[in-house]
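Take a look at the letters that make up each chain.
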Amino acid sequence: MLVIEHLTKKYGDKKAVDDLSLHILPGEIYGFIGHNGAGKTTTLKCIAGILRFEEGSILIDGHSIVNNPLECKRKLAYIPDNPDLYDFMTGIKYLNFIADIFKIPALERKELIKKYGDLFELTKDLAQPVATYSHGMKQKLAIISALIHKPKLIIMDEPFVGLDPKVSHTMKKLMREHCDNGGAIFFSTHVLEVAEKLCDKIAIIKNGKLVKAGTMEEVKGDESLESVFLELED
Ligand code: ATP
């Protein structure tokens, strides 16, 4: 579903991501962990087609993000850590705007907006302007806007920050459902307990380089993910 080969991204002379290769299969929830400034957001933005990169390739469902960005963007959703939504729109207007871009038929979008709006308890707020939303409400709107176009691959940057425990629980259930239905998820997090419970596989990045990747068992063995992470950081 997602094939990253020898990805290198520089800011000036500094390599933020250095020769990173990762394969994410359909059905996998793949966690991405690393210290502040390790290169997680940069990698996620390269996958989403937001940042250009110097070397390597990224394929989404067989399509290159460099050569065929539109096809890739049809298949993926990127949920940033701080969603920058259009404040002047109401929630429902924003969702319809996204549904228009992805050409979601009227009946289907109505059903999906109702389903996810209710699940995230945002339906009653959809008539309000985004400018009046709290951080968590904006995040929920960004999540719903990602889910309504039925992406195969979901890329998320710190998805649990700012979500209350109930919403986090809903989110985890939806993530598992998405992957059980053949989708894939790649997400960054600093919450190692969540990663440990939720992820099928995990990748650890340090100073732009991949230091460990594989199934949770392969990466941590009998230790906790926190101990493995802290050992690798030393
Ligand atoms: P965090 O956990 O703090 O969000 P991260 O792993 O997501 O960190 P990145 O944001 O990808 O890390 O940053 C990787 C490196 O690239 C850091 O050293 C950062 O200072 C640098 N960097 C990120 N964005 C830019 C930019 N726009 N210009 C220059 N350097 C940048």
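Residues numbered from 1 in each chain as written. Predicted model: local features only at pLDDT ≥ 70, side-chain atom pairs only at ≥ 80, totals over all residues. Heavy atoms only, no water.

## Some words on the nonpolar core
- Core analysis: the largest hydrophobic core is formed by 50 residues, its most contacted members being Leu 141, Met 175 and Phe 187.
- Ranked by residues supplied to this core, first place goes to helix H5 (residues 135-147) with 7 residues.
- Each residue touching Met 175, except ones within four places of it in the same chain, is listed here: Ile 29, Met 156, Phe 160, Ile 185, Phe 187 and Leu 198.
- Of all hydrophobic cores here, the second largest spans 28 residues; its members include Leu 7, Val 17, Leu 153 and Ile 155. (Core = buried A, V, L, I, M, F, W, Y, C linked by side-chain atoms within 4.5 Å. Buried < 20%, exposed > 50% of the residue type's maximum accessible area, 1.4 Å probe, protein only. Helix = DSSP H or I, 4+ residues; strand = E, 2+ residues; numbered from the N terminus. Contact = heavy atoms within 4.5 Å.)

## Points about the sheet that holds strand E7 (residues 153-157)
- Spatial ordering of the open sheet is given by E6-E7-E8-E3-E9-E10, a layout of 6 strands whose pairing is mixed. Edge positions in the open sheet fall to strand E6 (76-79) and strand E10 (209-215), since each of these has one partner strand only. Across the sheet, the mean angle separating the axes of adjacent strands is 15° when strand polarity is ignored.
- In the sheet, E6 pairs with E7 via 4 bridges, with the strands oriented parallel. The residue bridging Tyr 78 from the neighbouring strand is Ile 155, located in E7.
- Running at roughly 150° to E7, helix H1 (residues 40-47) makes contact with strand E3 (29-34), E6, E7, strand E8 (184-188) and strand E9 (201-206) of the sheet. (Pairing = 2+ DSSP bridges. Axes fitted to C-alpha atoms, helices over the stretch in contact; angles between N-to-C directions.)

## Considering the packing of aromatic side chains
- Per the stated rule, a full pass over the model turns up 7 aromatic pairs.
- For the pair Tyr 30 and Phe 186, a centre-to-centre distance of 5.9 Å together with 85° between the ring planes defines the contact as edge-to-face. Of this pair, Tyr 30 sits in strand E3 while Phe 186 is found in strand E8, placing the two residues 156 residues apart along the sequence.
- Residue Tyr 30 is classed as buried on the basis of its relative accessible area of 3%.
- Relative to Phe 88, the ring of Tyr 86 lies with its centre 5.8 Å away and its plane at 50°, an arrangement referred to as tilted. (Phe/Tyr/Trp six-rings, centres within 6.5 Å; stacked < 30°, edge-to-face > 60°.)

## Topic: the side chain of Thr 170
- Positionally, Thr 170 belongs in helix H6 (residues 165-180).
- Note on Thr 170: relative accessible area 13%, which makes it buried.
- Those residues in contact with Thr 170 that sit more than four places away from it in its chain are Leu 119 and Phe 120.

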